[in-house]
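Structural characterization, general
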Amino acid sequence: ASVIQKETASDGECYDIASTFYNRLVANMRLDADATVYYAIGDYFWETEELTKEHLDFDSPYNTRKNGGIPPSPICNMGVHALYAALEPNETGYYYFVYDTAKGAHRFAETEAEHINNLRELGY
């Protein structure tokens, strides 16, 4: 629930974020959550503008870009919506998401190809 909390842009989308994470775990994929990387490098307030390859490769049990499963403990205090989302996520086919700063919300994708298209459209 704490990873959902840190990745969520709004209370409403936390159920889709949770679904994405559940789908990835069931498919034996890493969470690849940026929030856990920020926590692993000690940037608890997301002061780093952009994560580098060095950040993404940082050796920590909290870094879900390197490690499978969920972190060994919470990375923040979770809100009630994130907690409920962790318990009862939406049923989706999502495996990917990326934040759209212009819209202030995430774009979700079911396939890697859709995700790559979202990344390209957003200039990543």
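Below is a short write-up of the structure.

Quick notes on the rules
Residues numbered from 1 in each chain as written. Predicted model: local features only at pLDDT ≥ 70, side-chain atom pairs only at ≥ 80, totals over all residues. Heavy atoms only, no water. Buried < 20%, exposed > 50% of the residue type's maximum accessible area, 1.4 Å probe, protein only. Helix = DSSP H or I, 4+ residues; strand = E, 2+ residues; numbered from the N terminus. Pairing = 2+ DSSP bridges. Disulfide = S-S within 2.5 Å. Salt bridge = Lys/Arg side-chain N within 4 Å of Asp/Glu carboxyl O. Axes fitted to C-alpha atoms, helices over the stretch in contact; angles between N-to-C directions. Parallel < 35°, antiparallel > 145°, perpendicular 65-115°, else oblique. Left-handed = near helix turned anticlockwise from the far one by under 90°. Contact = heavy atoms within 4.5 Å. Phe/Tyr/Trp six-rings, centres within 6.5 Å; stacked < 30°, edge-to-face > 60°.

**Looking at the pairing of strand β1 (residues 96-100)**
For β1, the buried fraction is high: four of the five residues fall into the buried class. Turn length for the β1-strand β2 (residues 105-109) hairpin, with the two strands adjacent in sequence and antiparallel, is four residues, and the turn residue Gly104 shows positive phi of about 70°.

**A closer look at the state of the cysteines**
If you walk through the whole model with that rule in mind, you get zero disulfides. For the unlinked cysteine Cys14, the closest cysteine sulfur is that of Cys76, found at 12 Å. We classify Cys14 as buried; its relative accessible area is 1%.

**Comments concerning the pattern of salt bridges**
As enumerated under the stated definition, the model contains six salt bridges in all. Across the pair Arg24 and Asp32 runs a salt bridge, and its minimum N-O distance is 3.2 Å. By relative accessible area, Arg24 is classed as buried at 6%. Across the salt bridge formed by Asp34 and Arg65, the nearest N and O atoms sit 2.4 Å from each other. Of this pair, Asp34 sits in helix α3 (residues 34-40) while Arg65 is found in the loop between α4 (53-56) and α5 (80-87), placing the two residues 31 residues apart along the sequence. Connected through salt bridges with shared partners, the residues Arg24, Arg30 and Asp32 form a single ionic network.

**Looking at the packing of helix α2 (residues 14-26) against α5**
The N-to-C vectors of α2 and α5 enclose an angle of 40°; their axes lie 8 Å apart at closest approach. Classed by the angle they form, the pair α2 and α5 counts as oblique. Crossing hand, α2 versus α5: right-handed. Residue-level contacts link Cys14, Tyr15, Ala18 and Tyr22 of α2 to His81, Ala82, Tyr84, Ala85 and Ala86 of α5.

**Focus: the packing of aromatic side chains**
Taken as a whole and assessed by the stated rule, the structure comprises six aromatic pairs. Ring centres 5.6 Å apart and planes at 65° place the aromatic pair Phe21 and Phe97 in the edge-to-face group. One end of the pair, Phe21, is in helix α2; the other, Phe97, is in strand β1, and 76 residues separate them in sequence. You can call Phe21 buried: its relative accessible area is 5%. Their ring planes at 55° and their centres at 5.9 Å tell us that Phe97 and Phe108 sit as a pair that is tilted. A residue pair is termed long-range when its members are at least 10 positions apart, and Phe97 in strand β1 and Phe108 in strand β2 qualify at 11 residues. Here the two residues Phe97 and Phe108 agree in accessibility, since each one is buried. Following the ring pairs from residue to residue traces out a cluster consisting of Phe21, Tyr94, Phe97 and Phe108.

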